[in-house]
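Letter by letter, the chains look like this.
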Protein chains: 2
Amino acid sequence: MNNNNIFIEKLRSAGLRPTIQRINICKVLFDRKKTFHFTINHLKTLLQEKTDQKISQATVYNTINALTKKGHLKEISINSEKNYFDTNITSHHHFYNESTKELIDLQDSDIGKINIKKPLPGKKIKSIEVLVKVANNN
Amino acid sequence: MNNNNIFIEKLRSAGLRPTIQRINICKVLFDRKKTFHFTINHLKTLLQEKTDQKISQATVYNTINALTKKGHLKEISINSEKNYFDTNITSHHHFYNESTKELIDLQDSDIGKINIKKPLPGKKIKSIEVLVKVANNN
DNA sequence: CTCTACTTTAGAATCATTATAAATTACACA
DNA sequence: TGTGTAATTTATAATGATTCTAAAGTAGAG
Ligand SMILES: [Mn+2]
Ligand SMILES: [Mn+2]
Ligand SMILES: [Zn+2]
Ligand SMILES: [Zn+2]
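Notes on the structure follow. (Residues numbered from 1 in each chain as written. Chains lettered and ligands numbered in written order. Predicted model: local features only at pLDDT ≥ 70, side-chain atom pairs only at ≥ 80, totals over all residues. Heavy atoms only, no water.)

**Considerations on the interface of chain A and chain B**
In many analyses, interface size is given as the accessible surface area lost on bringing the parts together.
Part 1: Across the boundary between the two partners, chain A contributes 37 residues, which contact 37 residues of chain B.
Part 2: Where chain A packs against chain B, one counts 0 salt bridges.
Part 3: Our count for the chain A to chain B interface comes out at 21 residue pairs in polar contact (both at pLDDT 80 or more).
Part 4: Among the elements of the structure, strand 4 (93-97) and strand 6 (123-136) of chain A are those that each provide at least two residues to the side of chain A that touches chain B. (Contact = heavy atoms within 4.5 Å. Salt bridge = Lys/Arg side-chain N within 4 Å of Asp/Glu carboxyl O. Polar contact = N/O pair within 3.5 Å; in protein donor to acceptor, adjacent residues only side chain to side chain. Helix = DSSP H or I, 4+ residues; strand = E, 2+ residues; numbered from the N terminus.)

**Some details on the protein's contact with DNA strand C**
Part 1: Close contacts around DNA strand C come from 19 residues, with A:Arg12, A:Tyr61, B:Thr19, B:Gln21 and B:Arg22 the closest.
Part 2: Restricting attention to atoms of DNA strand C within 4 Å of the protein, one finds that 85% of them are sugar or phosphate atoms.
Part 3: In the environment of DNA strand C, a phosphate oxygen lies 3.1 Å from a nitrogen or oxygen atom belonging to the side chain of B:Thr59.
Part 4: Of all elements in the fold, only helix 4 (57-69) of chain A together with helix 2 (20-30) and helix 4 (57-69) of chain B reach the threshold of two or more residues within the surface near DNA strand C.
Part 5: The element contributing the most residues to the surface near DNA strand C is helix 4 of chain A, with 4 residues.
Part 6: Each residue belonging to the surface near DNA strand C can be placed in one class, and the counts come to 6 nonpolar, 8 polar and 5 charged. (Near = heavy atom within 4 Å. Nonpolar A, V, L, I, M, F, W, Y, C, P; charged D, E, K, R; others polar.)

**A closer look at the sheet that holds strand 6 (residues 123-136) of chain B**
Part 1: Spatially, 5(A)-4(A)-6(A)-6(B)-4(B)-5(B) is the arrangement adopted by the 6 strands of the open sheet, whose pairing is mixed. With partners counted over all chains shown, the strands left at the sheet margins are strand 5 (102-106) of chain A together with strand 5 (102-106) of chain B, one partner each. The average angle at which neighbouring strand axes cross in this sheet is 25°, direction not considered. (Pairing = 2+ DSSP bridges. Axes fitted to C-alpha atoms, helices over the stretch in contact; angles between N-to-C directions.)

**Describing the layout of surface pockets**
Part 1: Taken as a whole, the largest pocket spans an internal volume of roughly 1,200 Å³.
Part 2: For the largest pocket, the lining is made up of 43 residues, of which A:Ser77, A:Ile78, A:Asn79, B:Ser77 and B:Ile78 are closest to its centre.
Part 3: The dominant element in the lining of the largest pocket, judged by the number of residues it contributes, is strand 6 of chain B, at 6 residues.
Part 4: For the lining of the largest pocket, the residue count by class is 12 nonpolar, 14 polar and 17 charged.
Part 5: Empty space within the second largest pocket amounts to approximately 340 Å³. (1 Å grid on protein atoms, 1.4 Å probe; cavity = no way out; pocket = protein on both sides within 12 Å on 5 of 7 lines; lining within 4 Å. Points joined across faces, edges and corners; volume = space filled by probe spheres on them.)

**Remarks on the side chain of B:Lys74**
Residues and elements named next belong to chain B.
Part 1: Counting through the fold element by element, Lys-74 comes out in strand 2 (residues 74-76).
Part 2: Within the local environment of Lys-74, its side chain forms a polar contact with the side chain of Glu-129, the two groups lying 2.8 Å apart.
Part 3: Those residues in contact with Lys-74 that sit more than four places away from it in its chain are Tyr-84, Phe-85, Asp-86, Asn-88, Ile-89, Thr-90, Ser-91, His-92 and Glu-129.

**Looking at the pairing of strand 4 (residues 93-97) of chain B**
Residue and element names in this part refer to chain B.
Part 1: Taken across its 5 residues, strand 4 has 5 buried, putting it largely inside the fold.
Part 2: With burial as the criterion, each face of strand 4 is covered, one bearing His-93, Phe-95 and Asn-97 and the other bearing His-94 and Tyr-96.
Part 3: Sheet topology places strand 4 next to strand 5; 5 bridges connect them, and they run antiparallel. In the strand pairing of strand 5, Asn-97 is matched with Glu-102.
Part 4: Relative to strand 6, strand 4 runs parallel, the two being bridged by 4 bridges. When the sheet's bridge partners are listed, Phe-95 is paired in strand 6 with Val-132. (Buried < 20%, exposed > 50% of the residue type's maximum accessible area, 1.4 Å probe, protein only.)

Structural data, given as structure tokens:
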């Protein structure tokens, strides 16, 4: 795989040694065109499917936590059932399809400008994110 | 306490027998002027403080889950650290103060009208909620 | 008042996540 | 290109939140 060098650089820049396990995680996470929303369990399944290398649960957790702390992943809370991570690390909006349990990124242009009318003395806004819950008709 | 009858009615309307434990939970949850955002642990602490009656952990969980299922409470996901519940069961927006870990309701009038520009064929919008994360200025 | 279904409870079970500590590996530098 | 050391991986144990179990207690219809 030719992207390996990119992943190795990504890991190095985060202060992580590029081990086989971590490179395989990067392949599954970042070797795709669209944003990837996933749970740890989903990721573990994909790792089993897509790679030969065995990988322990602890390494999956450690690596995802490290990538998240370094800002290469974002944690997303939709409900208390599942803990999601997101390869789109920008501040952005989501559709959540309650019928399919699918999470989809929204572009800023998909939602009108949001302006906070309430004054916030002594406080700094860190992010403004919209969650639109939808369900399939019938 | 004079509100007891209100709580008893509330419980009855949800098909729950008004036991001492459940009435005490209602007192802590609903006997207040403003929206109450809480975690189970927070609630357990308040129950100990404000009532004499002992109450088991299982009863707290069972009752909160029953009230939530019946629509008297709403579950709120801000982050994966803590699971919050909300006595404001309407669809509404929140400020989350990352410095104080405080969650505050926003009125619709605090935020400009949000309109979804993206067409959603075959889907029905269930809710549109904004989460504004803020932090104290150093 | 009595009976029965509902409720409470302590404790066990489960599930996701984190900690531990021994074996393995990456890689700086000799 | 070897060696030493710190970083990493891993199996397994521990933890913490939540749910389950099943025995004892209670509400309330009749
Ligand atoms: Mn986490
Ligand atoms: Mn729940
Ligand atoms: Zn996203
Ligand atoms: Zn609220």
